[in-house]
Amino acid sequence: MIQKRSVAIIGTGNVGVAAAYALFNQRIASEIILVDLNKERAEAEAMDLMHGQLLVGNVNVRAGNYKDLGNTQVVVVTAGVGQSSPDESRLELLNRNAAVYQDIISRLDEHAPNAILIIATNPVDILTYVSQQLSKRAPQRIIGTGTLLDTARFRALLGRYYDVDPRSVHAYILGEHGDSEVPIWSQANIGGKLIQHNTILGKPFNRKALDTLFEESKNAAYEIIKRKGFTNSAIGVVIARIAEGILEDEKSVIPVTVSWDGEYGISDVCMSLPSSVGLAGIKHRLTPDLNDEEVDGLKNSAAVLQNSLEGIAIVK
């Protein structure tokens with residue numbers, strides 16, 4: 001029998017709907033279950049997507065509740081309070097979202113204990129850590145979207161700068177999904193040629209211009225929120241990409257939020273590392289060869305996140 005590929009999405013706000021649309025449009029799942037406190041909203045979003053089946057194919061989308069999630073392979077958690085203004089940092093969302101997650105994780109442990117969780121609510125690194133502390137499932141089965149979106153933005157801007165397909169750009173942003181994130185310039189390359197100190201496709205290395213490009217990618221969410229009030233489209237595609245890697249057992253290496261256990265001397269924190277993603281969740285975590293400045297940047301990221309975790313009673 002062919003295995004039904006079932007994905008549930010907790011929360012049908014802007015991000016949850018964008019994720020459902022990306023999963024539906026790419027036919028990554030054969031079943032998508034939408035769960036929301038506002039059941040009518042979930043029903044409406046499911047109906048809206050189902051009406052596109054003629055053009056996409058037979059992907060069953062329906063509203064449900066936690067009791068319907070027993071056979072889901074992947075559960076995406078997008079529920080929570082979003083950034084309310086461009087000036088609100090991701091870390092400032094922490095206290096408002098941690099309590100929400102305590103309830104969600106308890107319900108998922110009861111009704112979907114075998115599913116892999118994709119955490120997408122901000123601050124995603126902290127809520128991934130909180131989820132791992134609260135859940136009975138193995139930590140490698142709880143994955144945060146992390147810096148995959150930041151990396152996608154980074155590569156897109158590098159592609160535009162060098163006039164090349166972003167898929168030909170190999171560069172990571174690691175650490176926190178937020179203000180302390182770290183661009184890994186020492187390993188960034190196009191076609192195997194390092195960007196640092198080299199002329200590529202006729203463009204000489206210009207550190208100032210590239211630093212400006214990184215700042216643009218880091219601050220992209222704030223700029224988007226300032227203009228339309230929220231971000232959703234690209235993170236929806238990111239969620240679909242991670243779900244695809246799991247369901248296809250690809251073991252693709254992508255930068256996602258995982259628990260750290262001594263990498264670069266860092267422990268007891270969740271933030272992004274290049275990691276192999278498949279049916280087991282996180283199979284391996286990779287540690288690129290970094291320079292001292294980049295390692296120091298990651299240690300700073302860890303310190304920022306650990307400081308934010310100190311006041312969370314449910315984690316302790």
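Residues numbered from 1 in each chain as written. Predicted model: local features only at pLDDT ≥ 70, side-chain atom pairs only at ≥ 80, totals over all residues. Heavy atoms only, no water.

Caption draft 1: View of the nonpolar core. By size, the foremost hydrophobic cluster in this structure holds 60 residues, and its most contacted members are Ile32, Trp260 and Leu298. Ignoring sequence-local partners within four residues, the contact set of leucine 298 consists of Leu174, Gly175, Val182, Trp260, Tyr264, Ile266, Met271 and Leu290. Grouped together as the second largest cluster of nonpolar side chains are 20 residues, Leu69, Ile104, Leu108 and Leu127 included. (Core = buried A, V, L, I, M, F, W, Y, C linked by side-chain atoms within 4.5 Å. Buried < 20%, exposed > 50% of the residue type's maximum accessible area, 1.4 Å probe, protein only. Contact = heavy atoms within 4.5 Å.)

Caption draft 2: Summary view of helix H2 (residues 39–50). With twelve residues, H2 extends 16 Å from end C-alpha to end C-alpha; this agrees with the ideal 16 Å at 1.5 Å per step. For H2, the set of buried residues is Ala42, Glu45, Ala46 and Leu49. Seen end-on, H2 carries its buried residues on one side only, within an arc spanning 100°. Turned more than 90 degrees from where H2 packs its buried face, Glu40 and Asp48 sit exposed. (Helix = DSSP H or I, 4+ residues; strand = E, 2+ residues; numbered from the N terminus. Expected span 1.5 Å × (residues − 1). Arc of directions from axis to C-beta.)

Caption draft 3: Highlighting the sheet that holds strand S11 (residues 193–194). If you trace the three strands from one edge of the open sheet to the other, you get S7-S10-S11, paired in antiparallel fashion. In this open sheet, the two strands that pair with only one neighbour each are strand S7 (169–170) and S11. Where strand S10 (residues 189–190) meets S11, two bridges bridge the pair, whose relative direction is antiparallel. Note on S11: the bridge partner recorded for isoleucine 190 is lysine 193. (Pairing = 2+ DSSP bridges.)

Caption draft 4: Representation of unusual backbone geometry in the model. Of note, the amide linkage connecting asparagine 122 to proline 123 takes the cis form, showing an omega dihedral of 0°. Mapped onto the secondary structure, proline 123 falls in the loop between strand S5 (116–119) and helix H5 (124–134). You will see that histidine 197, though not glycine, has its phi angle at about 65°, which is positive. Mapped onto the elements, histidine 197 comes out in the loop between S11 and helix H7 (207–218). On the basis of relative accessible area, histidine 197 is assigned to the exposed category, the value being 64%. We note that lysine 251 has phi near 60°; this positive angle belongs to a residue other than glycine. By the secondary structure assignment, lysine 251 is in the loop between helix H9 (233–247) and strand S12 (252–263).

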